[in-house]
Amino acid sequence: RICAGTRRRMRRSSSNASLLSGNTLPSSPGSRSPFSRSRKAHFETCLMQQDLRDMAVSMSDLTKAEALSLLSAGQARSSISSMPRNSSDGALKARHDMFAMNHQMRQLGHGRQSNSPLYHNPNDHYDEMGDPRYTDPETGHIFQSEQDLILYELLQGNRKYVKWLQAQDEAGLSARSGAVHLSQLGAAEHLSMVTLKECGYLQQIEEERLGQSGGPLRPTRPKALVISCSRSFAPMDHIFGADPRALLSVRVAGYTCSSADSVIGSVEWALADRTPPILIVVGNSNNDIVATAVQHAMGGRAPHKLNEQLEQQLSDSSLLNLVIPAVQDAMQRQPNGTYEEVLALACEMNVWRTVETLLSSSKTINEAAADGRLRVVGALLDVSSGAVQLMGQHPSLAELVKSTPSGDVVRTAEDAPVPAAEAAAMLYAGNLRYASGKGGYNQFSGDQKLLCKLCESGQNPVSVIIGCADSRAPIEMLFDMRPGDLFVLRNAGNTCASNKGSLIGSAEYSITHLRTKVLVVMGHTKCGAVAAAIDAAHSNTDLSTVAGSIGHLLADIIDSAKKAAASSPGTGSAEQTMLATRINVFNTIEKMIQYSDIVYTGVKLEELQVIGAVYDIYTGQIEWLGEHPQLEALVGRPMPMHQWHNSPYVVRGVSRLNNGRSPSAAAALGRLLEGNGRFVGGHWRYKPPRSADTAPWAIVIGGSEYRVPVEDLFDVDPGEIVVQRVLGSVAGM
């Protein structure tokens, strides 16, 4: 006989197997299944008695799905766990045969189960019949891995969210009639109080400050990392009905990424920091970015043709270029499809394109997916209902993880030019690595693919460096840069001798043809050329009498030396040489702007930033001098960004924020501030999404580090603002 506890485990594990396989056993009296109730009872008895021969006979007329459903976690576990640990050799052999038969049965169903997002890989080193550590507390289902359990919980949370949206429509509380306070949610029949209760963010932050627990600013290990679109239906925390601390959210326009951008960087950081077991790329139906790409690709076949101005803008759009391949894949699969059909398929293909980019571009992500630490899953959100359909893992996952990326990238002419602020930050960080003894991190490791790409695809340097020829100041090394990163020009004294010549011509080539946005003029301590100029200034040496071309070289530096000597007459030569080095840097900047029309125009239009610096050959650190103090006089116009860079940063009040801005911008800032006040005061509201046609009135760029949904932080309706979230709150991809 089978005890009551065993029967409960059987029923529980049978339903679990149905969830995993996507099949359910017919239980109605009129079922036509050959597996009758009597044969089911006989099969269960065989399991309990370890009668493998009779059990095999019982399996002979079962369908594959029925056999897999019965050979599930609780049923097999109840018989195996009942064997004493000191069993005889025959019992141990039976136990081994049981595991072998279970593995063979799962191999038989491999083709069908692989389509399920909860499919368990037979090669995983888990108990094939389920692991009690991964039991859903609400239903009692036993899963074979933590990843299966997390996906099940997220799906259940989404089901509750969809039911809640339906309840709001039925109750007349749809998006058109406004938001619903959290106190109303607990009374809803389909809601879980644990899922949608007020999360108490401020209390969590206070507990974190007191060291009592984790919080949004220092959260525990996330269950999943979710990549979704900036123009999303709602925050992923809402859509999956999850505690915000359970999800790490990355949101970018078009839920896409390139081979080296902040999306991949965010995922790599998450894997290095806390390693979430699940990565979900969530696309959404009728996505704005994908729809625009479809219209651009279909041309006259699209119902709404883009105007010429927008077409021109899109032709240069790096974001559109990332989405277009998915659209082309969709059009190839449906060459005669309508606009709606191509759009629907393109939204799905864009999910797979993003997954492919993640796995083929990042060594960290690829290895985590290959060894099972990370499961990368695609999903599609139906914006009309709020329901999420899991698409499973990539159909070609085995091929994608077979070839591991190099783990390194190289910047070439095919990439976009690096903005000035980002280039300056790279130089600053590289020198800190070098000065702290951690340089060499960015050097090539003999990767032939990267070297070939750099050779064939051209260069894309982040900065032009005009430095001294002194052998103690190796420029690429002291900035910890690699081949292709810097366009270096060197001469003794880092000076500009004339308005024509190789120095200016070389700098102009990098600025115009290589699209470089930063020019750095760098001197260094203990400079021999500057020290010689100081000596010449003290002795009033006639430089025309100096042999060779050295006199001409010193003539370009002598003015800086005389200014330093005159401004500090009571100091020694060492102090005057250091001061002359700084003055000489600014003199070279001034000559570059005056002698070169290209440099002058770039600075005037704020498309080029010219920065001064001095390298300390003893400490290895760089002293950043900034832009020329008289920059506005040199270009003949006001330079607001120059003033901002050279002025102390002062946090301005809210009233001053509104001054000088348009009424619509002032109103948007006011709404954000009022909403944040409600959030801080604990009066924020859980809101259903607005219509997909809602026009956003603000763009918010935030970080993924804090796990508070931005829509909650400002208490706005989902869809009213565009939210981009990556690590570091960076604006660009």
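Residues numbered from 1 in each chain as written. Predicted model: local features only at pLDDT ≥ 70, side-chain atom pairs only at ≥ 80, totals over all residues. Heavy atoms only, no water.

On to the sheet that holds strand β10 (residues 622-626), then. Overall, mixed pairing links the five strands, which are arranged β7-β6-β8-β9-β10 in an open sheet. Across the chains shown, the open sheet's two edge strands, defined by having one partner strand only, are β7 (486-491) and β10. Pairs of neighbouring strands in the sheet enclose a mean axial angle of 25°, with direction left out of account. For strand β6 (residues 463-468) and strand β8 (residues 518-524), the ladder comprises three bridges, and the chain directions are parallel. The residue bridging Ile466 from the neighbouring strand is Val521, located in β8. (Pairing = 2+ DSSP bridges. Helix = DSSP H or I, 4+ residues; strand = E, 2+ residues; numbered from the N terminus. Axes fitted to C-alpha atoms, helices over the stretch in contact; angles between N-to-C directions.)

As a further point, take the packing of aromatic side chains. Two aromatic rings are characterised by how far apart their centres lie and by the angle between their planes. Overall, the coordinates contain four aromatic pairs when judged by the stated rule. Their ring planes at 40° and their centres at 5.0 Å tell us that Phe143 and Tyr152 sit as a pair that is tilted. The buried category is assigned to Phe143, whose relative accessible area is 0%. On the basis of relative accessible area, Tyr152 is assigned to the buried category, the value being 5%. Judged by centre distance (6.3 Å) and plane angle (45°), the rings of Phe479 and Trp624 are tilted. Of this pair, Phe479 sits in the loop between α22 (475-478) and β7 while Trp624 is found in strand β10, placing the two residues 145 residues apart along the sequence. (Phe/Tyr/Trp six-rings, centres within 6.5 Å; stacked < 30°, edge-to-face > 60°. Buried < 20%, exposed > 50% of the residue type's maximum accessible area, 1.4 Å probe, protein only.)

Turning our eyes to something else, we now look at the pairing of strand β4 (residues 375-381). Counting buried positions over the seven residues of β4 gives seven, a clear majority of the element. Of the two faces of β4, both are covered, the one formed by Arg375, Val377, Ala379 and Leu381 as well as the one formed by Val376, Gly378 and Leu380. Both strand β3 (residues 278-284) and β4 contribute to a ladder of seven bridges, which runs parallel. Across the sheet, the residue bridging to Val281 is Gly378, located in β4. Where β4 and strand β5 (residues 388-392) come together, four bridges link them in antiparallel fashion. By the bridge assignment for β5, Gly378 is matched with Gly392. Hairpin remark: β4 followed by β5, antiparallel, with six residues in the connecting loop; positive phi at Gly386, about 85°.

Moving on: the packing of helix α26 (residues 558-567) against helix α27 (residues 573-595). Helix-helix packing is characterised by the crossing angle of the two axes and by the distance between the axes. Here α26 crosses α27 at 135°, and the two axes come no closer than 8 Å. Taken together, the axis directions place α26 and α27 in an arrangement best described as oblique. Where α26 crosses over α27, the two elements pack in a sense that is right-handed. Along the contact surface, α26 presents Ser560, Ala561, Lys563, Ala564, Ala565 and Ser567, while α27 presents Gln576, Leu579, Ala580, Ile583, Asn584 and Asn587. Of the residues that constitute the contact of α26 with α27, the class distribution is six nonpolar, five polar and one charged. (Parallel < 35°, antiparallel > 145°, perpendicular 65-115°, else oblique. Left-handed = near helix turned anticlockwise from the far one by under 90°. Contact = heavy atoms within 4.5 Å. Nonpolar A, V, L, I, M, F, W, Y, C, P; charged D, E, K, R; others polar.)

Moving on, we get to unusual backbone geometry. At Asn286, a residue that is not glycine, the phi angle is positive and equals roughly 55°. Following the sequence through the fold, Asn286 ends up in the loop between β3 and α14 (288-298). Positive phi values are uncommon outside glycine, yet Lys526 reaches one of about 60°. Relative to the helices and strands, Lys526 is located in the loop between β8 and α24 (528-539).

Topologically, Lys591 is positioned in helix α27. Taking the C-alpha atoms as reference points, Lys591 and Ile504, separated by 87 residues in sequence, lie 9.8 Å from one another. Excluding residues that lie within four positions of it along the chain, Lys591 makes contacts with Thr495, Cys496, Asp556 and Ser596.

A word on the nonpolar core. Core analysis: the largest hydrophobic core is formed by 51 residues, its most contacted members being Ile227, Val290 and Val294. At twelve residues, helix α17 (residues 339-361) tops the list of elements feeding residues into this core. Formed by 27 residues, the second largest nonpolar core is a distinct cluster that contains Val603, Leu634, Val635 and Met639. (Core = buried A, V, L, I, M, F, W, Y, C linked by side-chain atoms within 4.5 Å.)

Taken as a whole and assessed by the stated rule, the structure comprises 14 salt bridges. In this structure, Lys223 engages Glu153 in a salt bridge whose closest nitrogen and oxygen atoms are separated by 3.1 Å. You can see Lys223 sitting in the loop between α11 (201-209) and β1 (224-229) and its partner Glu153 sitting in helix α8 (residues 146-170), a full 70 residues away along the chain. The class of Lys223 is partly exposed, set by a relative accessible area of 37%. Given a relative accessible area of 25%, Glu153 falls into the partly exposed group. With a closest N to O distance of 3.1 Å, Arg353 and Asp329 form a salt bridge. On the criterion of sequence distance, the pair formed by Arg353 in helix α17 and Asp329 in helix α16 (residues 318-333) is long-range, its members being 24 residues apart. In this structure Arg353 comes out as partly exposed when scored by relative accessible area, which is 29%. (Salt bridge = Lys/Arg side-chain N within 4 Å of Asp/Glu carboxyl O.)

Now for α26. Three- or four-residue spacings in an α-helix give side chains the same orientation, since the helix completes a turn every 3.6 residues. By the burial criterion, the buried members of α26 are Ile558, Ser560, Ala561, Ala564 and Ala565. The buried residues of α26 occupy an angular sector of 160° when the element is viewed end-on, so they sit on one face. Turned more than 90 degrees away from the buried face of α26 sit Ala566 and Ser567, all of them exposed. Where α26 is buried, its residues meet α24, α25 (550-555) and α27. (Arc of directions from axis to C-beta.)

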